[in-house]
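The chain contents come next:
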Amino acid sequence: MSAVQFGVLGPLAVTTDAGEPVVVPGTKVRALLADLLTNRNQVVSADRLIDDLWGDDSPANPAGALQVRVSQLRKALNDAEPGARDLVESRAPGYLLRADTVDADRFAELARHTDVDRLTEALGLWRGEAYADVADAEFVRAEATRLAEQRLAVHERLAEARVARGEHDLVAADLAELVARHPLREGLRAVQLRALYAAGRQSEALDSYADLRDRLADELGLDPGPELVALHRRILEQDAGLSAPPKAAIIRNSLPAQLDELVGRAEALTELRALLPAQRLVTLIGPGGVGKTRLATETARGQSFPDGVLLVELAPLPAGDPGVAEQVLGALDAREAAGTSLSATDRLVAALRARHLLLVLDNCEHVIEPVAALVARLLRDAPGVHVLATSRESLGLTGELLWEVPPLSLPSDSDPDTVRRSAAARLFAARAAAQHRGFRLDEHTAAAVAQLCRRLDGLPLALELAATRVRALGLRGVVDRLDDRFRLLTTSQRDVPPRQRTLTAVIGWSWDLLDDADRAVLARLAVFGDGCTPEAAEFVCRTDLDTLARLVDRSLVVLDDSGTSPRYRLLESVAAFCLDHLVDADDTRARHAAYYTDLAEQADPQLRGPDQQRWLALLDAETVNLRAALVHGGGLRLAVALSWYWYLRGRLTEARRALATPGDPTQESRAAAWRIGFALLQGEQIPPAEVRAVLAGVTDARAVWFAANAVLGSSDLPLASELLPTAATDPWTEAAVLSSRAMIAHAGGDLAALESAATRSTALFAEVDDRWGRLQASDWVGGLAEIRGEYERAAALHREGLRWAEELGLWPHVAGKLSWLAWIAVQTRDYAQARELAERAYQLAVEQGSPSAIVFAELGLGFAARRDGKLDLATTHLTRLAEQGRNEAQPALYLPMVLVELGYAVEQSGDPAAALALHLEAFDVAEAMATARDVLGPLEGMASAVRSPEVAARLLGVAAAARQAAGVPAAPAERDDTDRVTERVLAVLGRERFDALVAEGAKLSPGEARAQL
């Protein structure tokens, strides 16, 4: 794939690999590029892009307008670098920009370093304010703000490094403008004050401090932070130590040496290093093995506190040990004076009262109470002390800033480039390569690495333990043994603390701190797949929200509040540990199955009304739990309750498998109806007698309708019409039946019946406020408008249905609506638009495994190609469709139109005899189906292929008269073919003779005209 380079650190810039600028034309196209760049390598939905680009002032056809801008962006990229159009991918439900060379990413990489040259290089990438030419747009504001904050943090770190090198005057001069633009930023002021003082400009340093103090008071009602207050005092006292670089530590550097690179935490480091000077207490929380200790030590390494950094490891203390102060004093190497009566805490406060340092307290969770008491005292009585703590729960103090350390980012798919961008994969690859020199992260290993990272939840410790086994087992061997992860994930490295040498020990450390009741609840939570709601947790685990909150506070349970409702989750490794400790597994799983069966039965009627979207999202979130409940007791009752949901989501195979499970005999007849409907939807050929026999004993009208409607997919219109319920029990079922009858009328060309059924179905679905039903009915209201030549109205109806389908996430129906729009574009000669819409539809249909949607999309591709003169491509599509349509038990409803279109392609390729045979076949199939509208195209096609101009003229007359009688005008694209034939025949016969023969033909019936051939 060709690549270009993108620049966002200033006005948007795009350059080729050779450095040539790429012109991206148009304000909206540049805004689109900016939107995609802020979300680079992630899918951005079409709806969000439209809202970002136009807001409330969206154009009449927003989807079309967006597609135009995407095409313009692709063209600009491709004109600069052939193949670069592929960087902008169409991916449901929108678009994705593949951008691996963005200056902001290079800046973030350089900003991780501490040396002057790298930091200078990082700042040199900036050409102005980030996203300067689109900075007013809401969708870039957060990203631009984040980048600006990172830029300032790098300025501060660079200035500190240069002060340490003695460049006092230069730093003071360079910071003057920056401080003027950010007068309230205390970190910048602190570096400026040190530089000014060290340069012998004490009065200017004091003036700068006074300016900050006054501004803070006037604008924010605040005083300067304690670090600046202490620095000001040292300047007043003319502290000679300020003229030298800050001391690394109080007595010695207590941070461990950096043995390897910290992978995947660049942004976290930048944020934390910027936070610490202003925050007195920051606590890094997270589950065991997530990397809190390493992140804390690397954050501390980048700090420049005058008295340095002191790391105190608390893990060796027994649980609840009150001797935390003694542990800190020991790290200080402070000795107790003979005869003193002061407590350890008092002695520690006395030792630190005048110090300006960062105290790192590592692994606080098992001594949380004594740590909290000590830190509270230090914050009160030692104003120059800042504390960075790591714990699996918070200290619970006023002013504490909790910073949750997340697992490393996971690869979203198995593409090698995507995997390489994942922090989890980069860490695993680096550690595996250190153990096994032959290991490479490439196209051969990417899929397995992605799977391993996801299975291990991106936990750094688990990834590092797994990496140690690659040398002995190979990558595939490690992945294959993850089900036995606690035996697998161990290490014999002697410099690793015992509690971190096995995954069992890491999780067991937290487990052992719980009481028996909390352990029981945590173990029961492991039966949930992909998390659960608070209500589900309370019922299945027999617990309350206070207990769940305690487990969240201790970083054993993750509260995910990103969706519409909060969910409790366990990391996969924690869940595996808990399942091994679950003592009442059968009872818990039975309660789990009962809860989700009840939930599904509540959801089923709600999926046919105004709360449809909410309940779809709710069931989507519970997919894994519902599957587990099917196995552990939900059975056929649960399967029947989920059948409509599975249909809406296009999960036909899953539905068939679940409905085949033996179970409750009271559910069997309903299950049989659903089973046969799903089988038909997947293209299975079932004898009509068998369908009748199954449905004969079913009393559920909705299940009967579902199976009868599925019969339509096999093109057996009479059987479908016979099986449809005649006495609907409720408005929804009546509307669904009418929608099916509208489809039958559409296929048969009965426009009066089509209008009546489609209009009534639309009204009933609107009455019950079912958007699925309304988009279903809109197929046939829109289809009627298209038949009558009302193309704008038809397109508007289908666009509205497309919006509903996208909002509901009904992707097979999205594909269907895109195909309808592609079909209308074909009829109105917009072949480029038709191809783009049909391609999107085809891709979606294939992804969803929907046979009918695939056929509809390929119809658009074949017809658009033929009418745009791309005969070879058209022939490929149309031949495949014709063969498929012929091979069905009943000739497919689409077969006549496909044969006609294929006939035109063959005729235009120079073989009129073969073309005539195809048009005759099309006519005969349409006659056999008794679909009057479908005989019109074959008649016009015959006229194009016959050798005799007289016969051609009569056939044109027959077709025109039949169209007028049916009330079906030819579409603009169809008129192109009849106009072409008319011109050719007129040139031979002359106007008078031609008109006479057309009039003769108008007196013939279609069957009589066919008989003459």
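Fair warning: this is a prediction, and the values are worked out from it, not measured in the lab. (Residues numbered from 1 in each chain as written. Predicted model: local features only at pLDDT ≥ 70, side-chain atom pairs only at ≥ 80, totals over all residues. Heavy atoms only, no water.)

Remarks on the overall build of the protein
- Across its full length, the protein holds 49 helices and 12 strands.
- Principal-axis analysis of the C-alpha atoms places the extent of the protein at approximately 125 × 70 × 60 Å.
- Across the 1013 residues of the protein, 54% fall into the buried class.
- Contacts in the protein between residues far apart in sequence, at least 24 positions, make up 68% of those at least 6 positions apart.
- For the protein, the accessible area works out to roughly 42,300 Å², and carbon and sulfur atoms hold 51% of it.
- Each charge class in the protein can be summarised by its mean position, and for the 110 positive and 144 negative side chains these summaries are 3 Å apart. (Helix = DSSP H or I, 4+ residues; strand = E, 2+ residues; numbered from the N terminus. Buried < 20%, exposed > 50% of the residue type's maximum accessible area, 1.4 Å probe, protein only. Contact = heavy atoms within 4.5 Å. Areas by Shrake-Rupley, 256 points an atom, 1.4 Å probe, with all protein chains shown as cover. Lys, Arg positive; Asp, Glu negative; His and termini not counted. Charge placed at Lys NZ, Arg CZ, Asp CG, Glu CD.)

Some thoughts on the pairing of strand β7 (residues 309–313)
- The buried count for β7 comes to 4 of 5 residues, which makes it a mostly enclosed element.
- As paired strands, β7 and strand β8 (residues 357–362) are joined by 5 bridges and run parallel to one another. Paired with L310 across the strands is L359, a residue of β8. (Pairing = 2+ DSSP bridges.)

Topic: the pairing of β8
- Judged by how many residues are buried, β8 sits mostly within the fold: 6 of 6 residues are covered.
- Of the two faces of β8, the one carrying L357, L359 and L361 and the one carrying L358, V360 and D362 are both buried.

Section: the side chain of R567
- For R567, the location among the structural elements is in strand β12 (residues 567–569).
- A distance of 3.3 Å separates the side chain of R567 from the backbone oxygen of D530, its partner in a polar contact.
- Among the polar contacts made by the side chain of R567, one reaches the main-chain carbonyl oxygen of A621 at a distance of 3.3 Å.
- R567 has contacts with D530, G531, C532, T533, V558, L559, D560, A621, E622 and N625, leaving out every residue within four places of it along the chain. (Polar contact = N/O pair within 3.5 Å; in protein donor to acceptor, adjacent residues only side chain to side chain.)

Quick notes on the sheet that holds β7
- Read from one edge to the other, the open sheet built from 5 strands follows the order β7-β8-β9-β6-β10, with strand pairing classed as parallel. Both edges of this open sheet fall to β7 and β10 (401–404), since each of them pairs with a single strand only. Strand-to-strand twist in this sheet, taken as the mean axis angle between neighbours without regard to direction, amounts to 20°.
- Sheet topology note: the strand β6 (residues 281–285)/β10 ladder contains 4 bridges and is parallel. From the neighbouring strand, V282 faces β10, where its bridge partner is L401.
- Seen against the sheet, helix α12 (residues 292–301) touches β6, β7, β8, β9 (385–391) and β10 and runs at an angle of roughly 160° to β9. (Axes fitted to C-alpha atoms, helices over the stretch in contact; angles between N-to-C directions.)

Thoughts on the nonpolar core
- In terms of nonpolar packing, the biggest core is built from 241 residues, with F428, L525 and W644 touching the most fellow members.
- In terms of residues, this core owes the most to one element, helix α29 (residues 623–648), which gives 14 residues.
- Filtering out sequence-adjacent residues up to four positions away, L525 remains in contact with C532, A537, C541, L548, L551, V557 and L570.
- Counting residues in each nonpolar core, the second largest holds 53 residues, with L12, L32, L87 and F107 among its members. (Core = buried A, V, L, I, M, F, W, Y, C linked by side-chain atoms within 4.5 Å.)

Observations regarding the state of the cysteines
- Enumeration over the complete set of coordinates arrives at 0 disulfides.
- Not engaged in a disulfide, the cysteine C532 finds its nearest cysteine sulfur in C541; these two sulfurs lie 6.3 Å apart.
- For the unlinked cysteine C578, the closest cysteine sulfur is that of C541, found at 10 Å. (Disulfide = S-S within 2.5 Å.)

Things to note about helix α7 (residues 168–181)
- Taking 1.5 Å of rise per residue, the 14 residues of α7 would be expected to cover 20 Å, and the 20 Å separating its terminal C-alpha atoms lies within 8% of that figure.
- Of the residues making up α7, those classed as buried are H168, V171, A172, L175, L178 and V179. (Expected span 1.5 Å × (residues − 1).)

As for the packing of helix α5 (residues 116–124) against helix α6 (residues 138–164)
- It is at 10 Å that the axes of α5 and α6 come closest, and there the two elements cross at 150°. Pair α5 / α6 crosses with left-handed handedness. Two secondary-structure elements touch here, α5 through V116, L119, T120 and L123 and α6 through R151, V154, H155, R157, L158, A161 and R162. (Left-handed = near helix turned anticlockwise from the far one by under 90°.)

Considerations on the packing of aromatic side chains
- What the rule picks out here adds up to 24 aromatic pairs.
- Seen from their ring centres, F428 and F439 are 5.8 Å apart, and the 90° between their planes marks the pair as edge-to-face. With F428 in helix α17 (residues 423–435) and F439 in the loop between α17 and α18 (446–455), the pair connects residues that are 11 residues apart, well separated along the chain.
- Judged by its relative accessible area of 0%, F428 falls in the buried class.
- Among the residues examined, F439 registers a relative accessible area of 7% and is labelled buried.
- Ring geometry for W644 versus W772: centroids 4.9 Å apart, planes at 85°, classification edge-to-face. In this pair, W644 sits in helix α29 while W772 sits in helix α37 (residues 771–787), placing the two residues 128 residues apart along the sequence. Side by side, W644 and W772 carry an identical accessibility label, which is buried.
- Within the aromatic cluster, the residues linked to one another by ring pairs are W644, Y647, W674, F678, W705, F706, W732, F765 and W772.
- The positively charged end of R591 is found above the aromatic ring belonging to F539, 4.6 Å away from the centroid. (Phe/Tyr/Trp six-rings, centres within 6.5 Å; stacked < 30°, edge-to-face > 60°. Lys NZ or Arg CZ within 6 Å of the ring centre and 35° of its normal.)

So, the sheet that holds strand β5 (residues 94–97)
- Overall, antiparallel pairing links the 3 strands, which are arranged β3-β5-β4 in an open sheet. With one partner strand each, in any of the chains shown, β3 (43–45) and β4 (88–91) form the two edges of the open sheet. Strand-to-strand twist in this sheet, taken as the mean axis angle between neighbours without regard to direction, amounts to 30°.
- One ladder, built from 4 bridges, connects β4 with β5; its direction is antiparallel. When the bridges of β5 are listed, E89 appears paired with L96.

What to know about a negative patch on the surface
- On the surface, a cluster of negative charge is made up of D47, D51, D56 and D57.
- Considering the arrangement of structural elements, one finds D56 in the loop between α2 (46–54) and α3 (62–80).
- Residue class for D56 comes out exposed when judged on its relative accessible area of 87%. (Patch = residues over 30% accessible without salt bridge, like charges linked within 9 Å, V, L, I, M, F, W, Y side chains within 5 Å. Salt bridge = Lys/Arg side-chain N within 4 Å of Asp/Glu carboxyl O.)

A word on the environment of T120
- Following the sequence through the fold, T120 ends up in helix α5.
- By relative accessible area, T120 is classed as partly exposed at 40%.
- Along the primary structure T120 and R30 are separated by 90 residues, whereas in three dimensions their C-alpha atoms are 29 Å apart.

Description of the confidence of the model for the protein
- Across the protein, the average pLDDT comes to 86, with 95% of residues at or above 70.
- With pLDDT under 50 throughout, residues 244–252 is counted as low confidence; its partners more than four residues away or in other chains account for 23 contacts.
- Counting interchain partners and residues more than four positions distant, the pLDDT-below-50 stretch residues 492–496 has 5 contacts. (pLDDT = per-residue confidence, 0-100.)

A look at unusual backbone geometry
- Positive phi values are uncommon outside glycine, yet Y131 reaches one of about 55°.
- On the secondary structure map, Y131 appears in the loop between α5 and α6.
- Positive phi is not limited to glycine here, since R829 has a value of about 70°.
- Among the secondary structure elements, R829 is positioned in the loop between α39 (811–827) and α40 (831–848).

Details of the environment of R353
- Structurally, the position occupied by R353 is in the loop between α14 (344–352) and β8.
- On a C-alpha basis, the gap between R353 and P383 in space is 6.9 Å, while along the polypeptide they are 30 residues apart.
- In this view, R353 contacts D381, A382 and P383; residues no more than four positions away in its chain are not counted.

Topic: the packing of helix α38 (residues 791–808) against α39
- Their axes nearest at 9 Å, the elements α38 and α39 cross at an angle of 160°. If you check the angle between α38 and α39, you find them roughly antiparallel. Our pair here, α38 against α39, has a crossing hand that is left-handed. Residues Y791, A794, A795, H798, R799, G801, L802, A805 and E806 of α38 form the contact with α39, whose own contacting residues are W811, H813, V814, K817, L818, W820, L821, I824 and Q827.
- Its residues assigned to classes, the contact of α38 with α39 comprises 11 nonpolar, 4 polar and 3 charged. (Parallel < 35°, antiparallel > 145°, perpendicular 65-115°, else oblique. Nonpolar A, V, L, I, M, F, W, Y, C, P; charged D, E, K, R; others polar.)

Some details on the side chain of R189
- Within the secondary structure, R189 is located in helix α8 (residues 186–198).
- For R189, a relative accessible area of 4% corresponds to the buried category.
- Excluding residues within four positions of it along the chain, R189 makes contact with V179, P183, S208, D211, L212, R215 and L228.

Comments concerning helix α28 (residues 612–621)
- Within the span of α28, buried status applies to Q612, W615, L616 and L619. In a view along the axis of α28, the buried residues occupy a sector of 105°, so they form one face of it.
- The elements touched by buried residues of α28 are α27 (585–606), α29, α37 and α38. (Arc of directions from axis to C-beta.)

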